[in-house]
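Examination of the molecular architecture
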Amino acid sequence: MKRLSILVIALSLVVVTACSNEATSDKVTEKKKTVKVESMRIVKSTQGTWSLEIPSSWKEDKDLLTDDTELAVSRDDDNVSITGLTEMKSELKDYEGGISLASYQKIVEEFPEDYGVDKLPVFKDIKVNNYPAKLSEFETKESGFTYLNRLYLIEMGDFYLQVLEYGPKSKMEKYNNEASKVMDSIRETPKSAEREKTI
């Protein structure tokens, strides 16, 4: 009889332990499933033609706005910045190469000094949020620091978007994923798309 009691107690302990492990396992699984998704904030250009999204660690950077620059954002620590401007296709229609993305690239290549270089490196074909685009990467020196620059030419409905992503090389590498998410969020605004239909 004593053996049976010990056996019952042993089996009870096994069942309790198994249930406890299963509950703990469920809690661990629940914790694994809970992934914090960082909220993004939409920021529009001053012309209202395009927008992008920035995480909470980024800000609108009005200090970088100029007569040409319509939107500027930076990390809160100012280590990586993204600025952009638009050029209407209608203003380029008389250009000898027409208004293709390739011909727009040639126009931009005529003014490398705008970006602090003698010549812009070769552009490669890419997509930015499914928009046809060109990308040129180059380094510049300033105050003893090496800056990495990524110049994007993006074709949208009735305009081209010229975007410069830049910062100290080490910081650009460190925050590359963040900057890529911001770049991949670029889109033409519905208002701009509607305007294109009426032209």
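Before reading on, note that the structure itself is shown above.
All of the points below concern the structure found in this document. Computed from a prediction, not measured in an experiment: that's the story for all the values here.

Another aspect to go through is the pairing of strand S5 (residues 81–88). Taken residue by residue, a regular strand's side chains alternate between the two faces of the sheet. Counting buried positions along S5 yields six of eight residues, so the element is predominantly enclosed. Pairing between strand S4 (residues 71–75) and S5: four bridges, direction antiparallel. Bridging from a neighbouring strand, serine 74 pairs with serine 81 of S5. Taken together, the eight bridges between S5 and strand S9 (residues 159–168) define a ladder with antiparallel strand orientation. Counterpart to isoleucine 82 in the pairing with S9 is glutamate 165.

We now examine the layout of surface pockets. As a volume, the largest pocket reaches approximately 700 Å³. Along the wall of the largest pocket there are 28 residues; nearest its centre are Leu85, Asp114, Tyr115, Gln162 and Leu164. Residues that form the lining of the largest pocket fall into these classes: twelve nonpolar, nine polar and seven charged.

The antiparallel open sheet is built from seven strands, whose spatial order is S3-S4-S5-S9-S8-S7-S6. The open sheet is flanked by strand S3 (58–60) and strand S6 (124–128), the only strands paired with a single partner. On average, adjacent strands in this sheet sit at an angle of 25° to one another, irrespective of strand direction. Seen against the sheet, helix H2 (residues 101–109) touches S5, strand S7 (131–142), strand S8 (145–155) and S9 and runs at an angle of roughly 145° to S8.

Among all positions of H2, only Leu101, Ser103, Tyr104, Gln105, Ile107 and Val108 are buried. Tucked inside the fold, the buried residues of H2 contact S5, S7, S8 and S9.

This part is about the environment of lysine 141. Tracing the chain through its elements places lysine 141 in strand S7. Taking the relative accessible area as the measure of exposure, lysine 141 reaches 67% and is therefore exposed. Spatially, the C-alpha atoms of lysine 141 and proline 168 are 9.3 Å apart, while their sequence positions differ by 27 residues. Polar side-chain contacts of lysine 141 include one of 2.8 Å to the side chain of threonine 146.

About the criteria used
- Residues numbered from 1 in each chain as written.
- Predicted model: local features only at pLDDT ≥ 70, side-chain atom pairs only at ≥ 80, totals over all residues.
- Heavy atoms only, no water.
- Buried < 20%, exposed > 50% of the residue type's maximum accessible area, 1.4 Å probe, protein only.
- Helix = DSSP H or I, 4+ residues; strand = E, 2+ residues; numbered from the N terminus.
- Pairing = 2+ DSSP bridges.
- 1 Å grid on protein atoms, 1.4 Å probe; cavity = no way out; pocket = protein on both sides within 12 Å on 5 of 7 lines; lining within 4 Å.
- Points joined across faces, edges and corners; volume = space filled by probe spheres on them.
- Nonpolar A, V, L, I, M, F, W, Y, C, P; charged D, E, K, R; others polar.
- Axes fitted to C-alpha atoms, helices over the stretch in contact; angles between N-to-C directions.
- Contact = heavy atoms within 4.5 Å.
- Polar contact = N/O pair within 3.5 Å; in protein donor to acceptor, adjacent residues only side chain to side chain.

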